[in-house]
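Each chain, letter by letter, is given below.
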Amino acid sequence: MDNSRMLGRTGIRVNELALGCEHLQGKEESLVRDVVARALEKGVDFLDVFMSEPNVRTYIGHALSGCRKQVKLQGHIGSVWADGQYAVQREADVCRRNFDDLLTRLNTDYIDIGFIHNLDDPKDWEAFIASPTMAYVAELKKQGVLHSVGLSSHNPVTALAAVNSGLIDVLMFSVNPLYDLLPPEQEIWSYYVDKPDFSGLAGIRPERQSLYRACEANGVAITVMKALAAGFLLTTERSPYGAAMTVPQCLHYALSRPAVAAVMLGMQTVREVDEAFAYYTASEEEKDFVPVLMHREQGTLDGRCMYCNHCLPCPAHIDIAEVNKYLDLCELDGVPAATLQEHYLSLPATAADCLNCRACEKRCPFGVKVTTRMARAKAAFGR
Ligand code: SF4
Ligand code: SF4
């Protein structure tokens, strides 16, 4: 079974379940080797190495010895090691030193996607793109040391500015059903401290939905961090939905958002790798996140497509979630239909194939008027 996806316009193809290496920091070398080996055995071919700590970089480099070319790497510019600890730095010389260290320790002379690391404030993004460090990033790209440039961010406003700038091909972003409720400037821990009952959160934030669709429209791939919301979603007590989610439900949610190419899942033991890959043997029912969302979102999401495909099967074999994604891009984000048409027409079946049977509408938990939307999609895209 092919579980790979294109990383947007980069031309790079990766498997959708990828290894976020953060939690390998501080582990014995033998464990790092075992986890990486197991992940590769399971089909992982994409790793995020944002950490600046020297040993974990070295251990991952050893673990990838002999198979560097079979994997794609995310490496970060601005994640530095200072005074024995991780820090974010924007000064060009410091970034250069730490990035050189990454290449040396990983025993490679290129990084597939070089990320501008952890930029959340829109003002910081504006300052960064005019800085010597941005010039350094551009120089690395020109030299072929970076094959593509990305940004890691937690803020949808900053991320959207970066996507619209045309300067990044990949966005590493926190995507999960909890963060999707949060106002752009809010950070989960501060929100939780103020409002442990999660009051004040209602519906998926439009800023985040717009960001996902802008990524899709611009061919900017999203690689997902924090798919489990730092564990918040896995317990009933801390889930804003009043019900715990499972790992497969969280993965399925992230992987069904527009533009998402891969989830960089933190796996810190061989067992966790195996548990993550149970996603591929889970039934559709086990992966279905809708019942959990309905605990809270009943009413607030009415009429809006959540791209869950809960409405299938369709006798005309239409991928209803995909058609709805294209229609939202067109209607909500103003992307010209002509820009989307080629992708839309490559779907195995389009809105023109709709039989108006309404079976989907009976199944949709969010009351989406699918047949009306099919008519609008047909009018917009010509079939
Ligand atoms: S129409 Fe309803 S069931 Fe179908 S993908 Fe959209 S929200 Fe899900
Ligand atoms: S109404 Fe159209 S889209 Fe919905 S199930 Fe029937 S054929 Fe498929």
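Residues numbered from 1 in each chain as written. Chains lettered and ligands numbered in written order. Predicted model: local features only at pLDDT ≥ 70, side-chain atom pairs only at ≥ 80, totals over all residues.

### What to know about the overall build of the protein
Put simply, the rule reads: Counting from the N terminus, the helices are DSSP H or I runs at least four residues long and the strands are E runs at least two residues long. Radius of gyration means the value over C-alpha atoms here, while the globule rule gives 2.2 Å times the residue count to the 0.38 power. In this scheme the burial state of a residue depends on its C-beta neighbours within 10 Å: 20 or more other such atoms mean buried, 12 or fewer mean exposed, and anything in between means partly exposed; the C-beta positions come from the backbone. We call two residues in contact when their backbone-placed C-beta atoms lie within 7 Å.
Within the protein, the regular secondary structure consists of 16 helices and 12 strands. For the protein, the C-alpha radius of gyration of 21 Å lies close to 21 Å, the compact-globule estimate for 383 residues. Dimensions along the principal axes, computed over C-alpha positions, put the protein at roughly 60 × 45 × 45 Å. Taken across its 383 residues, the protein has 45% of its residues classed as buried. Sequence separation of 24 or more characterises 76% of the internal contacts of the protein that already satisfy a separation of 6 or more.

### Concerning helix 16 (residues 370–381)
Filter applied, for reference: A helix is expected to span 1.5 Å multiplied by its residue count minus one. Here, the arc refers to the directions that run from the helix axis to the C-beta atoms.
Compared with an ideal rise of 1.5 Å per residue, which puts 12 residues at 16 Å, helix 16 spans 16 Å between its outermost C-alpha atoms and is within 8% of the ideal. Those residues of helix 16 that fall on the buried side of the exposure criterion are Val-370, Arg-373, Met-374, Ala-377, Ala-380 and Phe-381. For helix 16, the angular spread of buried residues about the axis comes to 130°, placing them on one side. Away from its buried face, by an angle of more than 90 degrees, helix 16 presents the exposed residues Thr-372 and Ala-379. Contact partners of the buried residues in helix 16: helix 13 (320–333), helix 14 (337–345) and helix 15 (359–363).

### A short note on helix 2 (residues 54–63)
Of all the residues in helix 2, the buried ones are Val-56, Arg-57, Tyr-59, Ile-60 and Ala-63. Angular distribution of buried residues about the axis of helix 2 spans 165°; they occupy a single face of the element. Against helix 1 (29–42), strand 4 (46–49) and helix 3 (92–106) lie the buried residues of helix 2.

### Let's talk about the sheet that holds strand 9 (residues 146–153)
Which entries qualify depends on this criterion: Should DSSP find at least two bridges between two strands, the strands are taken to pair. Between the N-to-C directions of two axes lies an angle of 0 to 180 degrees, each axis being a line fitted to C-alpha atoms and, for a helix, fitted only over the stretch in contact.
Around the barrel, which closes on itself, the eight strands sit in the order 3-4-5-8-9-10-11-12 with parallel pairing between neighbours. Between one strand and the next, the sheet's axes are offset by a mean angle of 30°, whatever the strand orientation. Bridging between strand 3 (residues 17–20) and strand 4 involves two bridges; their strand directions are parallel. Each bridged residue has a counterpart across the sheet, and for Gly-20 the counterpart in strand 4 is Asp-48.

### Observations concerning the site of ligand 1
Which entries qualify depends on this criterion: Only the C-beta atom matters for nearness: placed from the backbone, it must lie within 6 Å of the molecule or strand for the residue to count as near. Gly is put with the polar residues, along with every residue not named as nonpolar or charged; the nonpolar set is Ala, Val, Leu, Ile, Met, Phe, Trp, Tyr, Cys and Pro, and the charged set is Asp, Glu, Lys and Arg.
Near ligand 1 lie 14 residues; those nearest to it are Cys-305, Cys-308, His-310, Cys-311 and Cys-364. Considering every element that reaches the shell around ligand 1, the biggest residue donor is helix 13, with three residues. Along the lines of polarity and charge, the residues of the shell around ligand 1 split into 11 nonpolar, three polar and no charged.

### Some words on the pairing of strand 11 (residues 221–225)
Across the five residues of strand 11, five count as buried, placing the element largely inside the fold. As paired elements, strand 10 (residues 170–174) and strand 11 share five bridges and run parallel to each other. Across the sheet, residue Met-172 finds its bridge partner in strand 11, namely Thr-223.

### Some remarks on the domain arrangement of the protein
Selection criterion: Domain boundaries shown here were taken from an automatic or database domain assignment.
Taken as a whole, the protein is organised into domain 1 (4–291) and domain 2 (320–381). Inter-centroid distance (C-alpha atoms) of domain 1 to domain 2 is 30 Å. Taken together, the contacts link eight residues of domain 1 with eight residues of domain 2. If one sorts the elements of the side of domain 1 that touches domain 2 by residue count, helix 8 (residues 206–218) sits on top with five residues. By residue class, the composition of the side of domain 1 that touches domain 2 is four nonpolar, two polar and two charged.

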